[in-house]
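Chain residues, written in single-letter form:
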Amino acid sequence: MNMKRFLAAGLATTMAFSLAACGGDKTPAAGGDGGDSGAAKNDLAVGVMYYNYADTYIATVRGVLSSKLDELGIKHDDQDGNNNQTTQTEQVQNAVTMGTQMLIVNLVNTASDDAANGIIDKAKTGDLPILFFNREVSDAVVKGYDKAAFVGTNAPEAGHMQGEMIGDYLLENYDKYDLNGDGKITYVLFKGEQGNAEAEARSQYAVEDANAKLVAAGKPELEFYDAKNDAKYLVDQKGAWSSAAAQEYMTTILSEYNDANNNMVELVICNNDGMAEGAITALNTSGYNDGGEKAVPVFGVDATPAAVSLIADKKMAGTIKQDAEGMAQCIADMTSNVAAGKDMMDGIADKYRVDEGVNKVRIPYQIYLGE
């Protein structure tokens, strides 16, 4: 293969933050060097609000970030929004009431600015710095409060990389994956959430960029397996990017699109690795992607430990690494600034890529096809 293996993440907030002891629900995990632990003050109490503990990528970020904040001596109280914006907003209000001094928020609802602005309004009542991460808020939200910032990825980047990866992979294995020999590749795309910037960009560019590579090589564009579906994707209706949603969809698809009917789906594109796992589970029931010769290439995003294992076992074709460790380190660095009485963005542009004119820090993606 001529492609490089690597290319250049409840209402328990009713419990008060204790300024005398480490706060909250923390998950041990392997961390990095934790940055300059001497910069942190022991009296900083941070509320970390996650959109959904069940999200595999978020679980990795949470584990690493908790470890890094512990190393810095920064007290933190982690909360699970359980994919419910009302729950998360109440958690933020409770945290502010109980005396937290900084908010780190993995926002549930990113379809509009309403939820983010509502949380910023609560932060303003306490003059608190607020760091949004992973699930992107608009430039207007960040610019609207001088103590706000965002850490995440560049949403289109993952889609472009996934499209490049898929196009190259298919061109190197075209006849193998043209299962019915009709000269074209049919696909299904599993979309994590409507209106989410990452989901929209991944869904668009993964297909567009793969098609561009195929057409340039004299091959036809990818063809969505269901001609009646004008959207050309299947979305997790709960917006949870879940393995269960993809497994259910894929099981239904395989009841009609299969070897016996000579119309087997020949490619699976997923907005994240959790959905890829679910699709692979369903494919296994049809004798595909179990490590043997019968396989449909499945691609995801995140490079979760489970996906890395599936790729190593030749059950999954590839993924785009979303650097959980890098994101957690950046959040820890910015939190350490606050603990030291500095501006949250102090020195950040020296170590990370920052958007011009707005406090948005970008953690780069990488293509991953296995070690």
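What counts and how
Residues numbered from 1 in each chain as written. Predicted model: local features only at pLDDT ≥ 70, side-chain atom pairs only at ≥ 80, totals over all residues. Heavy atoms only, no water. Helix = DSSP H or I, 4+ residues; strand = E, 2+ residues; numbered from the N terminus. Buried < 20%, exposed > 50% of the residue type's maximum accessible area, 1.4 Å probe, protein only. Areas by Shrake-Rupley, 256 points an atom, 1.4 Å probe, with all protein chains shown as cover. Axes fitted to C-alpha atoms, helices over the stretch in contact; angles between N-to-C directions. Parallel < 35°, antiparallel > 145°, perpendicular 65-115°, else oblique. Contact = heavy atoms within 4.5 Å. Nonpolar A, V, L, I, M, F, W, Y, C, P; charged D, E, K, R; others polar. Pairing = 2+ DSSP bridges. Core = buried A, V, L, I, M, F, W, Y, C linked by side-chain atoms within 4.5 Å. Phe/Tyr/Trp six-rings, centres within 6.5 Å; stacked < 30°, edge-to-face > 60°. Lys NZ or Arg CZ within 6 Å of the ring centre and 35° of its normal. Left-handed = near helix turned anticlockwise from the far one by under 90°. Salt bridge = Lys/Arg side-chain N within 4 Å of Asp/Glu carboxyl O. pLDDT = per-residue confidence, 0-100. Lys, Arg positive; Asp, Glu negative; His and termini not counted. Expected span 1.5 Å × (residues − 1). Polar contact = N/O pair within 3.5 Å; in protein donor to acceptor, adjacent residues only side chain to side chain.

Trainee: Give me the lowdown on the overall build of the protein, citing residues and values where you can.
Mentor: Each helix and strand in the protein was counted, giving 12 helices and 14 strands. Within the protein, the proportion of its 371 residues that are buried is 54%. With an accessible surface of roughly 14,800 Å², the protein has 47% of that area assigned to carbon and sulfur atoms.

Trainee: Could you give an account of the packing of helix α2 (residues 85–97) against helix α3 (residues 114–125), with specific residues and numbers?
Mentor: The description of two packed helices rests on the angle between their axes and on the distance between the axes. Running from N to C, α2 and α3 cross one another at 10°; their axes reach a closest spacing of 9 Å. Viewed along their axes, α2 and α3 adopt a mutual orientation that is roughly parallel. Residues Q85, Q88, T89, V92, Q93 and V96 of α2 lie in contact with α3, whose contacting residues are A115, I119, K122 and T125. Along the lines of polarity and charge, the residues of the contact of α2 with α3 split into 4 nonpolar, 5 polar and 1 charged.

Trainee: Quick rundown of the environment of G347? Include the residues and the values.
Mentor: Along the chain, G347 falls in the loop between α11 (324–339) and α12 (348–351). Overall, G347 belongs to the partly exposed group, its relative accessible area being 32%. Placed 13 residues apart in sequence, G347 and M334 show a C-alpha to C-alpha distance of 9.0 Å.

Trainee: Explain the sheet that holds strand β13 (residues 360–362) residue by residue, including any values.
Mentor: The strands that make up a sheet pair up through hydrogen bonds in the backbone, lying either parallel or antiparallel. Taken in spatial order, the 7 strands of this open sheet run β2-β1-β3-β4-β5-β13-β12, and their pairing is mixed. The open sheet is flanked by β2 (75–80) and β12 (353–354), the only strands paired with a single partner. Sheet analysis places strand β1 (residues 45–50) next to strand β3 (residues 102–105), joined by 4 bridges and oriented parallel. Within the sheet, the bridge partner assigned to G47 lies in β3 and is L103. Across the sheet, α2 is in contact with β1, β2 and β3; its angle to β1 comes to roughly 175°.

Trainee: Can you break down the nonpolar core residue by residue, with the values?
Mentor: In this structure, F190, M250 and V268 are the most contacted members of the largest nonpolar core, which totals 53 residues. In contact with V268, not counting residues within four places along its chain, are V188, F190, M250, A279, L283, V296, P297, V298 and F299. The next biggest cluster of nonpolar side chains, apart from the first, holds 38 residues, and it includes L131, A149, A199 and C330.

Trainee: Go over the packing of aromatic side chains with me, naming the residues and quoting the values.
Mentor: What the rule picks out here adds up to 8 aromatic pairs. When the centroid spacing of 5.4 Å and the interplanar angle of 85° are considered together, the rings of Y169 and F299 count as edge-to-face. Highlighted residues: Y169 in helix α5 (residues 155–172) and F299 in strand β10 (residues 298–299), separated in sequence by 130 residues. The pair Y169 / F299 is uniform in exposure class, with both members buried. Taking 4.9 Å as the distance between ring centres and 45° as the angle between the ring planes, the aromatic pair formed by F224 and Y225 counts as tilted. Like F224, the residue Y225 is buried in the burial classification. Put simply, the rings of Y187, F224, Y225 and Y257 pair up and form one aromatic cluster. When the ring centre of Y53 is taken as origin, the NZ or CZ atom of R62, which lies over that ring, is 3.7 Å away.

Trainee: Could you give an account of the packing of helix α8 (residues 243–254) against helix α9 (residues 273–285), naming the residues involved and the relevant values?
Mentor: Relative orientation of the contacting elements α8 and α9 amounts to 35°, with a least axis distance of 7 Å. α8 and α9 meet at a crossing whose hand is right-handed. Where α8 abuts α9, its residues S243, A246, Q247, M250, T251 and L254 lie against G274, M275, E277, G278, A279, T281, A282 and L283. Of the residues contributing to the contact of α8 with α9, the split by class is 7 nonpolar, 6 polar and 1 charged.

Trainee: Got a sec to walk through the pattern of salt bridges? Specific residues and values, please.
Mentor: The final tally for this structure, using the stated rule, is 14 salt bridges. With its nearest N and O atoms 2.8 Å apart, the salt bridge here joins R362 to D355. Using a relative accessible area of 7% as the deciding quantity, one classes R362 as buried.

Trainee: Quick one: what's the story with the confidence of the model for the protein, residue by residue and with numbers?
Mentor: Averaged over the protein, the pLDDT score is 90; the fraction of residues at 70 or greater is 89%. Note on residues 1–41: pLDDT under 50 across the span, and 120 contacts to partners over four residues away in sequence or across chains.

Trainee: Break down the side chain of E198 for me, with residues and values.
Mentor: In this structure, E198 sits in helix α7 (residues 197–216). No salt bridge is formed by the buried E198. Its closest oppositely charged neighbour is R202, at 5.8 Å. Not counting residues within four places of it along the chain, the set of residues in contact with E198 comprises N134, E136, T153, A155, W241 and Y365.

Trainee: Break down α11 for me, with residues and values.
Mentor: With 16 residues, α11 should reach 22 Å at 1.5 Å per residue; the first-to-last C-alpha distance of 22 Å fits that figure. The buried count for α11 comes to 15 of 16 residues, which makes it a mostly enclosed element. Two or three places before E325, at the opening of α11, D323 has a side-chain oxygen 3.3 Å from that residue's backbone nitrogen. Backbone geometry just downstream of α11 places G341 in the positive-phi region, at approximately 80°.

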